[in-house]
Amino acid sequence: MTLHSRIFPVLLIRDQGLVKTRRFGEDRYVGDPMNAVKIFNEKQVDELAIFDIDATVQGREPDFAQLEKIAVESRMPLCYGGGVTTAEQAARLVSIGYEKVSISAAALDRPELIAEMAERIGRQSVVVTLDVRKEGLLGNHNLYTHNATKKQSAKAIDFAARAEELGAGEIVINSIDRDGMTDGYDLKFAKAVRDTVNVPLSFVGGAGSIADMAKLIDAVGTVGAGAGSMFVFKGPYRAVLISYDRPDNAREMT
Amino acid sequence: MSEPGSDRAYQICANCVMDTSDAMIQFDEHGVCDHCRDIRENVLPEWETGPKGRAQLERMANDIRKSGKGKDFDCILGMSGGLDSSYMLHLIVTELGLRPLVFHVDGGWNSDLAVNNIQMLVDKLGLDLYTEVINWEDMRDFQLAFFKSGVPHLDIPQDHAFIATLYHFANKHGIKYIINGGNISTECVRNPKEWLYYGTDMAQINEIRRRFCTRPLAHYPFSSVLFHKVYLRYLKGVKVVKPLNNLPYTRELAIDTLTEQYGWRAYPQKHFESRFTKFYEGYWLPTRFGYDTRRVQYSSLILTGQMTREEALSKLAKPAYDPNTIDDEFEYIANKLRISVDELRSYHEMPKKWYWDYPNQEAMFDFGAKVLKAIGVERSIKR
Amino acid sequence: MICIVEYGSGNVGALANLLKRRRIPFFISGNSSEMAKADRFILPGVGAFDPTMEQLLQSGILAALEQEVVGKGKAVLGICVGMHLLAEGSEEGTRPGLGWVPGYVRKIDASKRNRPPLLPHMGWNSLLPQMEHPLLNGIDCDRGFYYLHSYFFDASDDEHVMARVRYGDELPCAVTRGNVFGVQFHPEKSHENGERLLQNFAELA
C-alpha cells in the first residue's frame, strides 16, 4: 500500500460551460462546471484536470475569476491548462489554488517557457500536455495544437523527452483519435512514452471502462489515468450523469 | 391585490395541519378545512389499493405493453432521483415488466445523492438513461428573472424544463403512456396555487422573461405546453398513468424496498434531490412568504393515516432548514447563480408579488384543470 | 483562533474555505500586530525554497510570528514548503531556514525506486505513522494524502518524525517538535483525511 495511480476526471470548458468532445470535434454541452466540480469533490476524486479548450485558439488568457471560484470549492488537487503563455500567468494560477499548470501549444511554440515556469513555480507544478493523433499508413503519432488543427513538426516522443529535460514535472498524453471513443487507451504508445521519460505520466483519451484503466496501469505501472466521457456519460444514449470509480490495481505496491 | 389573507385571523385545521397561510382555505363548523373535506369525500373513497387496485394496475400494464410492441419503449418516466419516481421505476420494471424510456433533466442543481441514487437504480435494473442538460447560462438567467419578479413560484424554470423534456421525448419516440409518480398516499393535498403557480402558463412566463431576463434563452427547452397537451392528449391519445395509486404505497415501503434492493439512500426531506429546491422549499418559501410546503405533505400523510397530527405539529415547530448550515447554503446558492449574497438577500427582502401581479392565463388553466391535473402539470409530475 | 499566515506564498483560499465549512474560527493575516490574536498558526507555502523564504522575510511578520511560536509556545503547522521553511536549510536553495525543527531539506533520491515515475513524487500515498499523535487521529492511513514535491524534510532526529511515506525510501512526511508541526502533503487538497487533520490541529490542547 503506497503510491496510488491517479484516477482523474478531465473537464473541458467552452463558453464557460462544460463540454465533451469526440476526436476533438463534435462537442456536446454537459452542464455547469461548478456543479461537476462539486459532485467530483463529494466523490473525493484523486485529482481534477480542467482545460479551457478555446483559450489558445482565441488567443485569450485563462478566465481567472471562474477558475478561482472552482479552486475555492475544491478539496482535491487541480491541474489547469488553456491559454497559458507566461510564467506569470502560471504563478497566478498557483496562487489561486491550482497545484499544476499545463501548457501545450505554448510549449511547442517556445520550449524555453517550460524552464521559465519551472523556475517560477517549481518543476513539480509544470505539466506539458501533448495532443497526439495516430495517423497514416505507418501509424505515426503526430503532434497537434489548437484543437487538433495545427500539425507540428516535432515528433511526440521526442518532444516528451525534451520537455522532461527542460523541466516538466509531468507529461500528459492526450489522444485525439481516441478522444470520446471509449474504446480503450493507446497502450502501445503509452508504453513507448513510459520507456522514454522518467517523470510522472498521465494518459487521456479512450477510457471507456475501469477495465481500460486497469490495463493501462498493467502496461505502464503507476500512472495518471484521465477520463472525460467515462465519468460524465452513462449508457448508449450518453446520458449525462456524473460518476467516479477506480480500478483495483490503482492501489498497488510499487 | 394586497397580501392574500392578511385580514384573516390565524386558524389551523382541526384534522390536518393546513392553516391560513393558504389564503384560500375554508373551514367548516368543526374547524376542518376544505382540503380534508374534498379528499375525504371525493378522493379517498375512489382510492383502490387492494385487489381491485391491483387488477386495475395489471390491466393498465397490459395496455401499455401492447401499445409498445415492436417499439424500443412502451412508456416514459422522468427520474429525478427522488423517492416517488425511484420507487415507481422499480415497480414498473420489476413487477409489471414495462420497458420505460427513463430520462433525467439536469438543471444544474443535482445533489451528489441524487446522482448516486439514479445511477444505482438504473444500473441494477439494467436500463439505459437519457438526459437533458439545460444550458446553465440560460437556466441561471431564467431563475434570476424569477427572483427579480418577486413571486413565490421560483421553481418554474426547473419544472417547466422537466415537462417540456417529457413531451419532447414522448413525442419523438411515439410513446403513448406517461408514467407519473404522483400519488394520493403522500400528495392528496395539493400545494395552493398562490404558493406554487402553474409551471406552464406561458403568458406569465413570457412576461417575466420579457421584464427580467438578460438573455434570449435560446437553448432553454420551452414547450408550447398547452398545444402539446391538447394535441397529445386528444389527438395522439397520450395517457398519463399513476401506478402508485393502485397499491398501498407508503414512504416506509418505498424507502425500505429501495434501500434494501438498490442501496438507495434517503433524502432528509422531500425534493432534496435538487439543491435549489431544497433551499427554495426549505428556506425561501417559509421565511419570505410563510409558505411551508411541509404542511401540505404532512397533511396528506395525516389523511392517509401515515402520520399523526401531533407528530406533524411537532415537526412543523422546527424550521425546515438547518439553522447551522443555512448561511453556507445561502452563500452556495448566491455563488452558483453568480450574484452576491447581498443581491440574493435583496430579493429575499423585496416587496412580495404573486402570480396575479403579472399577466397570466389563470382562467384558462382553471378551466382546463382536469386535463392539466391528469397530465400532472403540478410539481408532482417530476417525481 | 487559528491564524492563516499570509505572506505571499501558499493557497490561502482553499484552506480558508475548508476551515469555514468546518466552523473552525480563523482569520487570515500578514500583519505583525495581529499575530498575538491567534492561539495557533498555519504556515502555507508553495514554490521553491529561497523565493518562499525571501517572501516570508519581506513580509515583515517573522519577528512577531517567532515571538508567538518560539517565545510563547503557540502551535504552528507548516504545510508543504511551509514545512520546509521550518528546517535549518534546503538543498534546493542557499538561504537558511527557520531552524524550528532540526533537519535539512534534501532532494528525494529517486534511484531507490525500481521503476518510473521518479520525480516529482506525485499522487496519493499511504501514511506510515511513527508515533501516536492526536494530529493523526481518525486518519485513513491507507488512503493517505496527496503529495507533489521533489524535496523532502530530512529530520536530524527520529524523535521528531511523526509519520513517513514510502517513496523509494521511507521519507519523513510529518514532523513535530514541541509546538511546531510540519506536513509535506496538502491537507486542504486531501479530502476527508486532510479535513480531519486540520480539525485535529484546531483541537490540539
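Preceding block: the structure.
Residues numbered from 1 in each chain as written. Chains lettered and ligands numbered in written order. Predicted model: local features only at pLDDT ≥ 70, side-chain atom pairs only at ≥ 80, totals over all residues. Heavy atoms only, no water.

Topic: the overall build of chain B
Next up, step 1: Summing up its helical and strand segments, chain B has 17 helices and five strands in all.
Next up, step 2: Taking 21 Å as the expected radius of gyration for a compact globule of 383 residues, we find that chain B reaches 20 Å, a close match to that expectation.
Next up, step 3: Taking the principal axes of the C-alpha coordinates as reference, chain B spans close to 55 × 55 × 40 Å.
Next up, step 4: The buried share of chain B, taken over its 383 residues, is 60%.
Next up, step 5: Taken as a whole, chain B presents about 15,200 Å² of accessible surface, with 51% of it coming from carbon and sulfur.
Next up, step 6: For chain B, the distance from the average site of its 48 positive side-chain charges to the average site of its 51 negative ones is 5 Å. (Helix = DSSP H or I, 4+ residues; strand = E, 2+ residues; numbered from the N terminus. Rg over C-alpha atoms; globule rule 2.2 N^0.38 Å. Buried < 20%, exposed > 50% of the residue type's maximum accessible area, 1.4 Å probe, protein only. Areas by Shrake-Rupley, 256 points an atom, 1.4 Å probe, with all protein chains shown as cover. Lys, Arg positive; Asp, Glu negative; His and termini not counted. Charge placed at Lys NZ, Arg CZ, Asp CG, Glu CD.)

Some words on the pattern of salt bridges
One side chain can pair with another of opposite charge once the charged atoms of both are near each other.
Next up, step 1: Under the definition given, this model contains 49 salt bridges over all chains.
Next up, step 2: A salt bridge links Arg95(C) to Glu54(C), with the shortest nitrogen-to-oxygen separation between them at 2.3 Å. Here Arg95(C), found in the loop between strand E5 (89-90) and strand E6 (103-107), pairs with Glu54(C), found in helix H2 (residues 49-59); they are 41 residues apart in sequence, far enough to count as distant.
Next up, step 3: Judged by relative accessible area, Arg95(C) falls into the partly exposed class, the value being 28%.
Next up, step 4: With relative accessibility at 27%, the residue Glu54(C) sits in the partly exposed group.
Next up, step 5: Ionic contacts of the salt-bridge type, sharing partners, join the residues Arg6(A), Glu47(A), Lys100(A) and Glu170(A) into one network. (Salt bridge = Lys/Arg side-chain N within 4 Å of Asp/Glu carboxyl O.)

Here we look at the environment of Tyr283(B)
Next up, step 1: Considering the arrangement of structural elements, one finds Tyr283(B) in helix H11 (residues 275-289).
Next up, step 2: Once you skip the residues sitting within four places of it in the chain, Tyr283(B) turns out to touch Lys278(B), Arg288(B), Tyr321(B), Ile326(B), Phe330(B), Arg345(B) and His348(B). (Contact = heavy atoms within 4.5 Å.)

A word on the packing of helix H7 (residues 187-194) of chain A against helix H8 (residues 210-220) of chain A
Residues and elements named next belong to chain A.
Next up, step 1: Following both chains from N to C, one finds H7 and H8 inclined at 35°, their axes separated by 9 Å at the closest point. Two packed elements cross with a definite hand, and for H7 against H8 that hand is right-handed. In this structure, H7 uses Leu187, Ala190, Lys191 and Arg194 to contact H8, whose residues at the interface are Lys215, Leu216, Ala219 and Val220.
Next up, step 2: Per-class residue counts for the contact of H7 with H8 are five nonpolar, no polar and three charged. (Axes fitted to C-alpha atoms, helices over the stretch in contact; angles between N-to-C directions. Left-handed = near helix turned anticlockwise from the far one by under 90°. Nonpolar A, V, L, I, M, F, W, Y, C, P; charged D, E, K, R; others polar.)

Quick word on the pairing of strand E8 (residues 140-145) of chain A
Residue and element names in this part refer to chain A.
Next up, step 1: Counting buried positions along E8 gives five out of six residues, so the element sits mostly inside the fold.
Next up, step 2: Bridge count between strand E7 (residues 126-135) and E8: five bridges; the pairing is antiparallel. In the strand pairing of E8, Arg133 is matched with Asn142.
Next up, step 3: As paired elements, E8 and strand E9 (residues 150-155) share three bridges and run antiparallel to each other. What sits directly across from Asn142, in E9, is Lys155. (Pairing = 2+ DSSP bridges.)

Re the interface of chain C and chain A
Next up, step 1: Across the contact, 34 residues belong to chain C and 41 residues belong to chain A.
Next up, step 2: Here chain C and chain A share an interface that buries about 3,300 Å² over both sides, 50% of which is from carbon and sulfur atoms.
Next up, step 3: It is Met122(C), Lys189(C) and His191(C) that lose the most area in chain C upon contact with chain A, and together they represent 21% of the buried surface on that side.
Next up, step 4: Here chain C and chain A share five salt bridges between them.
Next up, step 5: As a salt-bridge pair, Lys189(C) and Glu99(A) come within 2.9 Å of each other at their nearest N and O atoms. (Buried area = accessible area lost by both parts, 1.4 Å probe.)

Considerations on the pairing of strand E11 (residues 201-204) of chain A
Residues and elements named next belong to chain A.
Next up, step 1: What you see with E11 is no split at all: Leu201 and Phe203 on one side and Ser202 and Val204 on the other are buried throughout.
Next up, step 2: In this structure, strand E10 (residues 170-175) lies alongside E11, joined through four bridges in parallel fashion. Following the sheet pairing, Ile173 is matched in E11 by Phe203.
Next up, step 3: As a crossover connection, the stretch from E10 through H7 into E11 is right-handed. (Right-handed = clockwise from strand over helix to strand, strands pointing away.)

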